[in-house]
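# Report on the structure
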Amino acid sequence: MPGDETTRSDASPAGTPVEVRVRADHGRLPVLRAVAETVAILADLTLDHVSDVKLAVDEICSALVTNAAVDADVVCRFDATATVLGVHVSADTTTDRVPDERGFGWHVVRTLTDTVSVTHEPLRNGGFHTTVAFSKARDVT
């Protein structure tokens with residue numbers, strides 16, 4: 001119908017957060033990678049930046065799953081604006097030393113992202129609610 005056309009920028013998820021929750025299990029990582037890739041594509045990131053987001057999500061989720069509390073979930077939230085894709089990955093973990101900020105994986109995440117931060121909130125029954133937040137800016141030309 002006339003007037004129902006959707007332009008590329010109208011189809012992007014700007015302003016509409018996407019959140020996915022899966023059991024903290026290594027077998028669920030492909031789902032998180034696929035969602036990260038899809039959201040990054042819809043946010044109109046370059047192919048290189050799409051790969052960066054996908055790899056960063058994979059590295060962060062792998063670290064959180066490895067140290068996840070029993071029956072924990074991993075939650076990924078993607079917030080796209082006109083200029084940046086923000087990603088928050090969280091899980092209940094058994095330690096506040098995840099991810100290992102001195103390890104190679106963390107170096108990879110820092111290289112692939114524009115900003116990155118980690119927070120650990122102590123839980124009443126032990127362990128921590130760990131959140132890793134990062135952003136990747138769009139190439140605006």
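Residues numbered from 1 in each chain as written. Predicted model: local features only at pLDDT ≥ 70, side-chain atom pairs only at ≥ 80, totals over all residues. Heavy atoms only, no water.

Helices and strands together make up the secondary structure of the chain, namely 4 helices and 5 strands. For the chain, the sequential pattern of α-helices and β-strands runs α-β-α-α-β-β-α-β-β. Split into buried and exposed, the 141 residues of the chain put 38% on the buried side. In the chain, of all internal contacts separated by at least 6 residues, the share reaching a separation of at least 24 is 64%. (Helix = DSSP H or I, 4+ residues; strand = E, 2+ residues; numbered from the N terminus. Buried < 20%, exposed > 50% of the residue type's maximum accessible area, 1.4 Å probe, protein only. Contact = heavy atoms within 4.5 Å.)

Before going further, it helps to examine the packing of helix α3 (residues 47-66) against helix α4 (residues 104-112). Remark: α3 packs on α4, axes separated minimally by 9 Å, with the N-to-C direction vectors making an angle of 150°. Put simply, α3 runs roughly antiparallel to α4. Here α3 runs over α4; the crossing is left-handed. When α3 is examined against α4, the residues D52, L55, A56, E59 and I60 are found in contact with a partner set consisting of G105, V109 and L112. Partitioning the contact of α3 with α4 into residue classes produces 5 nonpolar, 1 polar and 2 charged. (Axes fitted to C-alpha atoms, helices over the stretch in contact; angles between N-to-C directions. Parallel < 35°, antiparallel > 145°, perpendicular 65-115°, else oblique. Left-handed = near helix turned anticlockwise from the far one by under 90°. Nonpolar A, V, L, I, M, F, W, Y, C, P; charged D, E, K, R; others polar.)

For sheets, the rule is that strands pair by backbone hydrogen bonds, running either parallel or antiparallel. Across the sheet, 5 strands lie side by side as β1-β2-β3-β5-β4; this open sheet has antiparallel pairing. Among the strands making up the open sheet, the edge pair consists of β1 (18-23) and β4 (115-122). Sheet twist, expressed as the mean angle between neighbouring strand axes with direction ignored, is 15°. Relative to the sheet, α4 contacts β4 and β5 (128-137), its axis offset from that of β4 by approximately 130°. (Pairing = 2+ DSSP bridges.)

Attention now moves to the nonpolar core. Among the nonpolar cores identified, the biggest contains 35 residues, and L32, V57, V74, C76, F78 and L85 are the most heavily contacted of them. Among the elements of the structure, β1, α2 (29-42), α3, β2 (73-80), β3 (84-93), α4 and β5 are those that each provide at least two residues to this core. Here this core takes 9 residues from α3, the largest share from any one element. With residues up to four places along the chain from it excluded, the contact list for V74 reads V20, R21, V22, R23, A24, L32, C61, V65, V89, S90 and A91. (Core = buried A, V, L, I, M, F, W, Y, C linked by side-chain atoms within 4.5 Å.)

So, on to the pattern of salt bridges. With the rule as written, the count across this model stands at 9 salt bridges. Close ionic contact of R77 with E19 constitutes a salt bridge, the shortest N to O distance being 3.7 Å. One end of the pair, R77, is in strand β2; the other, E19, is in strand β1, and 58 residues separate them in sequence. Accessibility expressed as a relative area gives 32% for R77, which makes it partly exposed. With its nearest N and O atoms 3.1 Å apart, the salt bridge here joins D73 to R23. Of this pair, D73 sits in strand β2 while R23 sits in strand β1, placing them 50 residues apart in sequence. Looking at R23, the relative accessible area reads 41%, which means it is partly exposed. A network of salt bridges, in which partner residues are shared, links E19, R77 and D79. (Salt bridge = Lys/Arg side-chain N within 4 Å of Asp/Glu carboxyl O.)

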